[in-house]
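One letter stands for each residue in the lines below.
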Amino acid sequence: MHRFAKPSVFLKFTAPILPWLSALTVVLIAAGLYFSLIGSPVDYQQGHTVRIMYIHVPAAWMGLFCYVGMAICGAMSLIWKHPLADICARATAPVGATFTALCLITGSLWGEPMWGTWWVWDARLTSMLILLFLYLGYMALVNAFDDPERGSKAGSALALVGAVNVPIVKFSVDWWNTLHQPASIVRMDGPAVDPSMQLPLALMILGFTCYYFVVLILRVRLELNERRIRALHLSGMFEDPETPTSAKEQAYEAGHNAEAKQ
Amino acid sequence: MNGFLAILQRDLRLALRQGADSVMVVAFFIVTTTLFPFGVGPEVNILARIASGVIWVSALLAAMLSLERVFQADYEDGTLELLTLSPVSLELLILGKVLAHWLTTGLPLIIAAPLMAVMLNMDQDGFVTLMIAMLLGTPALSLIGAIGAALILGARRGGVLVSLLVLPLYIPVLIFGAGAVEAALLGISATAQLQIMAAILLLTLAAAPFATAHAVRQAME
């Protein structure tokens, strides 16, 4: 794992993976959308409204998944001081926040016809809202310092402290009496969702997860390249019209490897 | 232990000499609480119903606003750096600072709370529970808040940022604190809520000094 923590290795390793992963994401989400919108039966009680579930549940899963990922990256950056872990944590936060917001919005749209209300202050909804606030706090904190290094470290500590909330979200439906239904997928005696609905749900969850990794790789590559360009600008090489283009490219490549050797 | 007492003494003395800080926290608490009757109307029943929540939310905000005081001044004049370098463990020193913060903000709030409860027409049955709940809750607020205060050292717009970081983490204290008073007002035993609050306090007491010390060390690098 430490081998992949070098920026140059990451760039080299992810370049061939990215197109395949993108294609997989498109296929999974396209198939998932087909099965969830057309190829699955309507619910005997909820009618077509049940189809909101195929967006809502994967989004909720991603909200938690991204937070756990962010906290693990934060721990890695604090323990081993990998610069890449910092970048991964930073890149994960907006994605996770978006999925959490998507989960809250779709849940609200689903709640209106089913519960007769857009919002209730029950434990599951409230803890999910707190998760969104934690994401927002993290993003505000990492960008609040002049020194990005310091921002990442403070953010990592906050991500770890906020991880207390993750089990609360997961088990809120068991610990409190909530309007939100109890766990029906990840539980001891197997999923309680009908098999005809499990397939589109699984496809969408996998698709969303792949989508996250595609975005993560893109964002990390962007950040690495930005840093490299900034470093080259500071060195003044780009401003010099005498330097031939090939030399600039060489310096760019060398920069990556120099960073990796540190 | 000497270091702990020394820092506690120093922070208390600073707070007492400056004086205004503690008074300001209580004044803020009272003013915020007074705003609610203007906002929701002076109807006695409604005020009595929302009293526990209003008092807790105001206490939360008052405790949060005073957080900057814990580390900011020491950070700016370099004291914090010397504390980090001292042979006494930083966790213990931070515990001393947090205790001083609680004594100068949490304790006055607990004393002011029954007064505001009277003004909001809260039923007398809830008074004792309110004070016990605040006795358990406000130290936890100081401990959690210290983490946030340490994280924002050196940040731009730290004051706004600390609210975004700390308020989500304050929510459990608010839920069980207001819940305990609610239970007492309904005539049910509030033991369960108070026990959970004691658990929160113990957990933060065990974990928060380490997280705070870690954040302070980072700020010093």
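Residues numbered from 1 in each chain as written. Chains lettered and ligands numbered in written order. Predicted model: local features only at pLDDT ≥ 70, side-chain atom pairs only at ≥ 80, totals over all residues.

### Here's the deal with the overall build of chain B
In terms of helices and strands, chain B carries 9 helices and 0 strands. Walking chain B from its N terminus toward its C terminus, one meets helices and strands in the order α-α-α-α-α-α-α-α-α. In terms of C-alpha radius of gyration, chain B reaches 18 Å, essentially the compact-globule figure of 17 Å for 221 residues. Seen through its C-alpha atoms, chain B measures out along the principal axes to roughly 55 × 35 × 30 Å. Burial statistics for chain B: of 221 residues in total, 46% are counted as buried. Put simply, of all contacts in chain B between residues at least 6 apart along the chain, 81% involve residues at least 24 apart. (Helix = DSSP H or I, 4+ residues; strand = E, 2+ residues; numbered from the N terminus. Rg over C-alpha atoms; globule rule 2.2 N^0.38 Å. Buried ≥ 20, exposed ≤ 12 C-beta atoms within 10 Å, placed from the backbone. Contact = placed C-beta atoms within 7 Å.)

### Considerations on the nonpolar core
One finds B:A59, B:A150 and B:L151 to be the most contacted residues of the largest nonpolar core, which totals 124 residues. Ranked by residues supplied to this core, first place goes to helix α2 (residues 53-79) of chain A with 15 residues. Excluding its chain neighbours within four sequence positions, the residues that come into contact with B:A150 are B:F71, B:T212, B:A215, B:V216 and B:A219. (Core = buried A, V, L, I, M, F, W, Y, C linked by C-beta atoms within 7 Å.)

### Here's the deal with unusual backbone geometry
All names here are of chain A. Positive phi is not limited to glycine here, since K81 has a value of about 55°. As for its placement among the helices and strands, K81 is situated in the loop between α2 and α3 (83-115). According to the C-beta neighbour criterion, K81 is exposed, with 12 such atoms within 10 Å.

### Considering the packing of helix α6 (residues 90-119) of chain B against helix α9 (residues 191-220) of chain B
All names here are of chain B. Where α6 contacts α9, the axes come no closer than 9 Å and their chain directions differ by 105°. The angle between the axes of α6 and α9 places the two elements in the roughly perpendicular class. Every residue of α9 that contacts α6 at L90, E91, I94 and L95 is listed here: P209, F210, T212, A213, V216 and R217. For the contact of α6 with α9, the per-class residue count stands at 7 nonpolar, 1 polar and 2 charged. (Axes fitted to C-alpha atoms, helices over the stretch in contact; angles between N-to-C directions. Parallel < 35°, antiparallel > 145°, perpendicular 65-115°, else oblique. Nonpolar A, V, L, I, M, F, W, Y, C, P; charged D, E, K, R; others polar.)

### As for the interface of chain A and chain B
On the chain B side, the residues contacting the 15 residues of chain A number 15 residues. Secondary-structure elements contributing two or more residues to the side of chain A that touches chain B are α4 (123-142) and α5 (148-162) of chain A. Examining the composition of the side of chain A that touches chain B, we find that 7 residues originate from one element, α4(A), more than from any other. Grouping the amino acids of the side of chain A that touches chain B by side-chain chemistry returns 12 nonpolar, 1 polar and 2 charged.

### So, the UniProt feature "transmembrane region" (unreviewed entry) in chain B
Residues and elements named next belong to chain B. UniProt records the feature "transmembrane region" (unreviewed entry) for residues 20-40, 46-67, 99-120, 126-153, 160-188 and 194-216 in the present numbering. The straight-line gap between the two end C-alpha atoms of residues 99-120 is 30 Å; of that span, 95% is helix and 0% is strand. Across residues 160-188 one finds 93% helix and 0% strand; the C-alpha atoms that close the span lie 39 Å apart. (UniProt positions renumbered as here; feature names shortened; annotations may be inferred.)

### A look at helix α6 (residues 165-175) of chain A
Residue and element names in this part refer to chain A. Along α6, the positions that sit buried rather than exposed are N165, V169 and S172. Seen along its axis, α6 keeps its buried residues to an arc of 65°; they face one direction. Turned more than 90 degrees away from the buried face of α6, the exposed residues are P167, D174 and W175. (Arc of directions from axis to C-beta.)

### What to know about helix α2 (residues 20-40) of chain B
An α-helical segment advances 3.6 residues per turn. Residues three or four places apart therefore align on the same side. Residue and element names in this part refer to chain B. With 21 residues, α2 extends 31 Å between its outermost C-alpha atoms, agreeing within 8% with the 30 Å of an ideal straight helix rising 1.5 Å per residue. Taken together, the buried residues of α2 touch α3 (44-65) and α6. Note on α2: the residue one or two positions beyond its end, G41, has a positive phi of about 95°. (Expected span 1.5 Å × (residues − 1).)

### Observations regarding the environment of B:E91
Residue and element names in this part refer to chain B. As for its placement among the helices and strands, E91 is situated in helix α6. What makes E91 partly exposed here is the crowd of 17 C-beta atoms within 10 Å. Remark: the alpha-carbon pair of E91 and I152, spanning 61 residues in sequence, is separated by 18 Å. When neighbours within four sequence positions are excluded, E91 is seen to be in contact with P209, F210 and A213.

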